[in-house]
Every structure is written in structure tokens, then in C-alpha cells.
Amino acid sequence: MKRVYGLSIPETLEEVCDPQRVALLVYDMQVGILNQIKNPEQITLQVLKVLSAARHAGVRVLFSRHLSLPKELMGMSQFRMAMAWQRTDSPEQVKPWFLRDDSSFQIIRELAPRPTEGVFDKLTMSPFEGTWLDFALRDCGINAFIIVGVATEIGIEPTIRHGADLGYIPVLITDACGSGNEEAAKRSIESLKFAGDTLITNTEAICDILRTQSEVRSP
């Protein structure tokens, strides 16, 4: 840990992943989203490993859900995005995929959030925009977040970049993040490596660190 002007500057995963200063963000692990990727069972297993380790270590856990508004409330940007994703040039043909009461909107049951964990809905790719996430993290003294979920190239990269701009240290667990397009996901990871804000690791390494942290906390 480097120190300057009264500040502590964490550098290693062990320093960043202090359970009192880091949160786990489980990004959009919803029924309708997992149905769109090639390896949902594998990603679910990896996410569950990280989630279990975080819970055991006493790390705060938050789940995001991507929400679709009914067409009567959709604006220009939402129609443009829906048309692009659904491969149509007609707004009339757009179908909201993740409506509030639809089964596709729900978090998969294997990862069912606990009453002590946060669940919030978003319209944007970055969960820091238009939600209470940033306030909640800062209010708890959190300065870093571990991110797992789907999809790397669509929502996780924008979340990491936005979080870094807000002053958080992002920790990306590559094998616990799914993708719709493998090549695009690889480009996202390489771009994040080049930018240098993000600590990039895998499930085994982060679980080992969290396990050590939980042992330190045990009486």
C-alpha cells in the first residue's frame, strides 16, 4: 500500500479487496439475458463461485437488472437501441424484452439475492447512471467493486469505465463475465488492459483472496 499526502493507495488485489472497502456487483444475470449467450451454465457457475466467496467474506453484494419500459414510455434513444438489437428499421416492430412483470426480467434463481443484498433496475448500460448505486457505495465507504455477469462487450465495459471515472477501482473477473460476441468481448478486455484503471483477474484468484479475507475476519 502506497501512502502520500495522507492518502492510502492500494495497488494489489489483496489491498483492493478489503471487505469493508469493496463491493460485488452482479451485472444483469437475468433469465432473458442468459438465454441469449452460448454458455449460460458455465457463466452461472463461475458467478456463483464468486458470489459465494464474497458472501462468506462479508463483502456487500448488489445485483443490477436491465429494465425495458413499455413502448408508451420509451424515448428516442431507447427505440434506437431496441431497433439495433432486434434488427429492425421499424419502431412499430420493436418488442420490449425486459418488462418489469415478465419472467425474462428476473434474476436467475441460482443466484437469488438475499434480503441483505441490493437489487436495482436500470435503463442504461452503466448502472451508475440514473440509479442509487453510486450514493449507496459512497455512503458505505466503498472505493472499489468486483464485477461479474453479462455481457462484457455490452454493459460491463461501460460500467467499468464509468466507475473508474467516478473514482472507483474496478476489478474484472474475466471468466465470470459472459458475452454475446466473443471477439468483441476480447477487444473490450484488451482495451481495459490498455487503459490501466482496472484490475483484471479470474474466478480462482479472486475466490482465494476472498477466502483469505474471510479467514482474517474469523475470530
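We now turn to the structure provided with this report.

Criteria and thresholds
Residues numbered from 1 in each chain as written. Predicted model: local features only at pLDDT ≥ 70, side-chain atom pairs only at ≥ 80, totals over all residues. Heavy atoms only, no water. Disulfide = S-S within 2.5 Å. Buried < 20%, exposed > 50% of the residue type's maximum accessible area, 1.4 Å probe, protein only. Helix = DSSP H or I, 4+ residues; strand = E, 2+ residues; numbered from the N terminus. Pairing = 2+ DSSP bridges. Right-handed = clockwise from strand over helix to strand, strands pointing away. Axes fitted to C-alpha atoms, helices over the stretch in contact; angles between N-to-C directions. Contact = heavy atoms within 4.5 Å. Salt bridge = Lys/Arg side-chain N within 4 Å of Asp/Glu carboxyl O. 1 Å grid on protein atoms, 1.4 Å probe; cavity = no way out; pocket = protein on both sides within 12 Å on 5 of 7 lines; lining within 4 Å. Points joined across faces, edges and corners; volume = space filled by probe spheres on them.

## Topic: the state of the cysteines
Consideration 1: Scanning the entire structure with this criterion turns up zero disulfides.
Consideration 2: Between C177, a cysteine without a disulfide, and C207, which holds the nearest cysteine sulfur, the sulfur-to-sulfur distance is 13 Å.
Consideration 3: Given the relative accessible area of 8%, C177 is considered buried.

## Focus on the pairing of strand 7 (residues 169–178)
Consideration 1: Within strand 7, eight of the 10 residues are buried, which leaves the element mostly enclosed by the surrounding structure.
Consideration 2: With six bridges connecting them, strand 6 (residues 144–150) and strand 7 associate as parallel partners. Bridge pairing in strand 7 links I146 to V171.
Consideration 3: Each parallel crossover has a hand, and the one from strand 7 via helix 7 (residues 182–195) to strand 8 (residues 199–201) is right-handed.

## So, the sheet that holds strand 7
Consideration 1: An order of 5-4-3-6-7-8 is seen for the six strands of this open sheet, with the pairing classed as parallel. Edge strands, defined here as strands with exactly one partner in the open sheet, are strand 5 (118–122) and strand 8. On average, each strand axis in the sheet is tilted by 25° relative to the strand beside it, whichever way the strands run.
Consideration 2: Helix-sheet contacts for helix 3 (residues 40–57) involve strand 3 (22–27), strand 4 (60–66), strand 6 and strand 7, and the interaxial angle to strand 7 is about 140°.

## Quick word on the environment of L45
Consideration 1: Assignment of secondary structure puts L45 in helix 3.
Consideration 2: Considering only alpha carbons, one finds L45 and L111, 66 residues apart in sequence, at a separation of 9.6 Å.

## Focus on the pattern of salt bridges
Consideration 1: Summed over the entire model, instances satisfying the criterion amount to 11 salt bridges.
Consideration 2: For R65, the salt bridge goes to D121, with nearest N and O atoms at 2.7 Å. Placement of the pair is R65 in strand 4 and D121 in strand 5, with a sequence separation of 56 residues.
Consideration 3: For R65, a relative accessible area of 18% puts it in the buried group.
Consideration 4: For E157, the salt bridge goes to R161, with nearest N and O atoms at 3.0 Å. Placement of the pair is E157 and R161 together in helix 6 (residues 152–165), with a separation of four residues, close to one helical turn.
Consideration 5: Overall, R161 belongs to the partly exposed group, its relative accessible area being 32%.
Consideration 6: Beyond isolated ion pairs, a larger network of salt bridges with shared partners links E182, E183 and K186.

## Quick look at the layout of surface pockets
Consideration 1: The space that makes up the largest pocket amounts to roughly 450 Å³.
Consideration 2: Taken together, 19 residues form the lining of the largest pocket, with Q36, W85, A151, I154 and G180 sitting closest to its centre.
Consideration 3: Residue assignment for the lining of the largest pocket shows that the elements contributing at least two residues are helix 4 (76–85) and helix 6.
Consideration 4: With three residues, helix 6 is the single largest residue contributor to the lining of the largest pocket.

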